[in-house]
Amino acid sequence: MSNPITPDAQANTPPPLNFIAVLRHMLKASDKVSDLIFSPGRPPQIELAGKLQPVQFPGLEKLTPAHTAGMAKVIIGNHASAIESLEKSGSADLSFSAPGEARFRVNIFKQRGTHAIVMRVIPTNPPNFNDFDLPVQLKEIVDIKNGIVLVTGPTGS
């Protein structure tokens, strides 16, 4: 099986970077960061309050295809199913943990022959009912024995 995340042009491979340090730097922008985005031709970006914002990191002013391929390789590691999925369908969904920092749901996909990465931050402490300032009557829903309860809302809510 060929490795779909090896940069084609080894001569253009940037020096190795500490991917966890990049993640840490991006997460420090705010405790409300929902996504980290890595796409060639752009700086690393965060999604904050529904808007994309660039994050300055020395050496990553503008990501190259080699940068994102290297990041994809770090994230995928030895997950054979993710490597196979990326090779066959052009995308892979998996989880990634940066010990002591955060956990992420990750989508790595190929676009225009290069890799792009979206990492959704998974909160370390899930919110509880009281965090939402909801009417107390809604708390009774968890005790319903029959029927169906639908909870809907916009993406990320």
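Just above sits the structure.
Starting afresh in each chain, residues are numbered from 1 along the sequence in its written order. Given that this is a predicted model, residues contribute local features only at a pLDDT of at least 70 and side-chain atom pairs are listed and counted only at 80 or more, while totals for whole chains, interfaces and linings are drawn from all residues. No hydrogens and no water enter the side-chain calculation; it runs on all heavy atoms of the structure.

(A) Structural context of the pairing of strand S5 (residues 102-111). When DSSP locates at least two bridges between a pair of strands, those strands are taken to pair. The helix count covers DSSP runs of H or I at least four residues long, the strand count covers runs of E at least two residues long, and both are numbered beginning at the N terminus. Strand direction decides the pairing type here: strand S4 (residues 91-98) and S5, joined by eight bridges, are antiparallel. Pairing of Leu94 across the sheet is with Val106, part of S5. Connecting S4 to the next strand, S5, in antiparallel fashion are three residues, including Gly100 with a positive phi near 80 degrees. Where S5 lies against strand S6 (residues 114-122), nine bridges are found, and the strand directions are antiparallel. Within the sheet, the bridge partner assigned to Arg103 lies in S6 and is Ile122.

(B) Here's a closer look at the side chain of Thr114. Looking at the secondary structure, you find Thr114 in strand S6. In what follows, residue pairs with any heavy atoms lying within 4.5 Å of each other are defined as contacts. When near neighbours in sequence (up to four residues on either side) are disregarded, Thr114 contacts Pro40, Pro65 and Phe109.

(C) Seen up close, the pattern of salt bridges. Basic side-chain nitrogens of Lys or Arg form a salt bridge, by our definition, when they fall within 4 Å of a carboxyl oxygen of Asp or Glu. If you walk through the whole model with that rule in mind, you get three salt bridges. Linking Asp35 and Arg120 is a salt bridge whose minimum nitrogen-to-oxygen distance equals 2.7 Å. On the criterion of sequence distance, the pair formed by Asp35 in strand S1 (residues 33-38) and Arg120 in strand S6 is long-range, its members being 85 residues apart. To sort residues, take the accessible area from a 1.4 Å probe on protein chains only and compare it with the maximum for the residue type: under 20% means buried, over 50% means exposed, and anything in between is partly exposed. Owing to a relative accessible area of 4%, Asp35 belongs among the buried residues under this scheme. Exposure remark for Arg120: the relative accessible area of 27% places this residue in the partly exposed category. The salt bridge involving Lys88 is made with Glu84; its shortest N-O contact spans 2.8 Å. Of this pair, Lys88 and Glu84 both sit in helix H3 (residues 80-89), four residues apart, which is roughly one turn of that helix.

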